[in-house]
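Remarks on the overall topology
These are the residues of each chain, in order.
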Amino acid sequence: MNILILGSGGREHAFTLKLSQSEKINQLFVAPGNAGTAQIAQNIAINPTDFNAVKDTVLNNNIQMVVVGPEAPLVAGVHDFFLADADLKNIPVIGPKKDGALLEGSKDFSKNFMEKHNIPTARYQSFTQENLIEGYAFLETLKAPYVLKADGLAAGKGVLILDSLEEAKKELKEMVSNQKFGEASSTVVIEEFLDGIELSVFVLTDGKNYKILPSAKDYKRIGEGDKGLNTGGMGAISPVPFATEDFLQKVEERIVKPTVDGLQKDGIDYRGFIFIGLMNVDGNPQVIEYNVRMGDPETEVVLPRIASDLLDLFEGVAHQTLAEKSFSINPKTATTVMLVSGGYPEGYEKGKVMTGVEKVTDSIVYHAGTTLKDDQIVTSGGRVMAITSFGDTIEEALKTSYTSIDHIHFDKMNYRKDIGFDLV
Ligand code: AMP
Ligand code: GLY
């Protein structure tokens, strides 16, 4: 089977590597990919949101399945585009259509969905420029800190958590009246602050049945001790020690089942991943957000723990036979540490030559922001590489990742030395 993976980050390298291990794979293509995917698949230099270019790639390379990594092509309707095209309609796309992608594409939609289907989440209301005054009044009914969320996609920057009521009112006005996050913040969700620890649960569904994949914890802040600006993610660990069987049972009964059933009841035929961002509030799970894709860097610890064929699960999603499929999980702990460009998540330089990558033997090196230049690996993004290792404990796995990182160099390389600090 020939498969096309859309995207270019560590998540997509992890998909590519995992799928490359399937006996059913003939050729793998990644668009646009990175220097890591180039070693095991053929990169195609197109933009995943350019659907006509995706179509040409699919037809020219006899692609039989498309796996969508990031949210942007899903929210823009890549799956709908395939279904509406006579040449593409029978080629399965792993990832929801536009209607399902709204779970991530609109916070207002996802909060409404949760309320309608009794899925535990923070109390909320949505506001626009028209009812700004009511927004101020709603803020007054809440306690600090105040959580404001731009309704639309805002490159991971659309959530503000503010300590004072004055600041919250000022920012609400900035968002709805002055388009602080552009069109994405013309509607803003204001919600109650949830106090607890976060984890991510990943579900794969064919629209009727589902599989719950290993859970993971991501470290989002740039600085050690979870300080400083938010990033796409600086590291991850799977499994999560506090996600006990009892807790995960609550997640399945209170959240996963009503989510999959709710989609069906609402007539949304959802085929793909659901990433549920959860807060553990005194032992009870509450949903912070849905994403309609896998997490990055969570994928870099979740997929390597899946010991069986991932393509078999994807075929179950494509043909709605997921209920007949089974999969196995490596019980060991996986950790990943992200190497980033100095300055990230603010301004940073690109094009730095990387050395020592070939000396890493005990960890999996997932490329994220890398490219090949004259046969050398050079940096091309803020998040550059994720170094994943296994261990019997979190400490052991992290020790291996950090030892591997000692081999790798590039100018202004930065990484967090305290991934897992809160868990060990
Ligand atoms: P989101 O983009 O919705 O995941 O929000 C980004 C981050 O803001 C989350 O990962 C949480 O750390 C935090 N956050 C979002 N909503 C809440 C909430 N209601 N209470 C506490 N923290 C939140
Ligand atoms: N690591 C968080 C995300 O992928 O959104």
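In case you missed it, the structure is sitting above this.
The text that follows walks through the structure, step by step, so that each part is easy to find. (Residues numbered from 1 in each chain as written. Chains lettered and ligands numbered in written order. Predicted model: local features only at pLDDT ≥ 70, side-chain atom pairs only at ≥ 80, totals over all residues. Heavy atoms only, no water.)

Turning our eyes to something else, we now look at the sheet that holds strand β9 (residues 187-191). Read from one edge of the open sheet, four strands run β6-β9-β7-β8, paired in antiparallel fashion. Edge positions in the sheet fall to β6 (124-128) and β8 (159-162), since each of these pairs with one other strand and no more. Across this sheet, the average inter-strand angle for adjacent strands is 25°, counted without regard to direction. In terms of strand pairing, strand β7 (residues 146-150) meets β9 through four bridges, oriented antiparallel. Residue Ala-150 lies in a different strand from β9, and its bridge partner there is Val-188. Strand contacts of helix α9 (residues 165-176): β6, β7, β8 and β9, with the helix running at about 5° to β7, the strand carrying the most contacts. (Pairing = 2+ DSSP bridges. Helix = DSSP H or I, 4+ residues; strand = E, 2+ residues; numbered from the N terminus. Axes fitted to C-alpha atoms, helices over the stretch in contact; angles between N-to-C directions. Contact = heavy atoms within 4.5 Å.)

This brings us to helix α1 (residues 10-20). Along an α-helix, residues three or four positions apart point the same way, because every turn accommodates 3.6 residues. Burial analysis of α1 places nine of its 11 residues in the buried class, the great majority of the element. Taken residue by residue, α1 has Gly-10, Arg-11, Glu-12, His-13, Ala-14, Phe-15, Thr-16, Lys-18 and Leu-19 as its buried positions. (Buried < 20%, exposed > 50% of the residue type's maximum accessible area, 1.4 Å probe, protein only.)

A few words now on the packing of aromatic side chains. Using the criterion set out here, one finds 11 aromatic pairs in the structure. With a centroid separation of 5.8 Å and an interplanar angle of 40°, the aromatic rings of Phe-127 and Phe-138 are classed as tilted. With Phe-127 in strand β6 and Phe-138 in helix α8 (residues 132-141), this residue pair connects regions lying 11 residues apart in the sequence. The pair formed by Phe-127 and Phe-138 is uniform in burial state, with each residue classed as buried. Seen from their ring centres, Phe-273 and Phe-314 are 5.9 Å apart, and the 85° between their planes marks the pair as edge-to-face. Of this pair, Phe-273 sits in strand β16 (residues 272-281) while Phe-314 sits in helix α12 (residues 310-318), placing them 41 residues apart in sequence. (Phe/Tyr/Trp six-rings, centres within 6.5 Å; stacked < 30°, edge-to-face > 60°.)

The subject of this paragraph is the site of ligand 1. The full set close to ligand 1 counts 14 residues, and Glu-191, Glu-192, Leu-194, Glu-198 and Glu-289 are the nearest of them. Within the side chain of Glu-198, a nitrogen or oxygen atom sits 2.4 Å from an oxygen atom of ligand 1. Side-chain polar atom of Glu-289 to an oxygen atom of ligand 1: 2.7 Å apart, as the coordinates give it. Look at ligand 1: alone it shows 470 Å² of surface, and the protein chains cover 87% of it. Counting only elements with at least two residues in the shell around ligand 1, the list comes to β7, β8 and β17 (284-291). (Near = heavy atom within 4 Å. Polar contact = N/O pair within 3.5 Å; in protein donor to acceptor, adjacent residues only side chain to side chain. Areas by Shrake-Rupley, 256 points an atom, 1.4 Å probe, with all protein chains shown as cover.)

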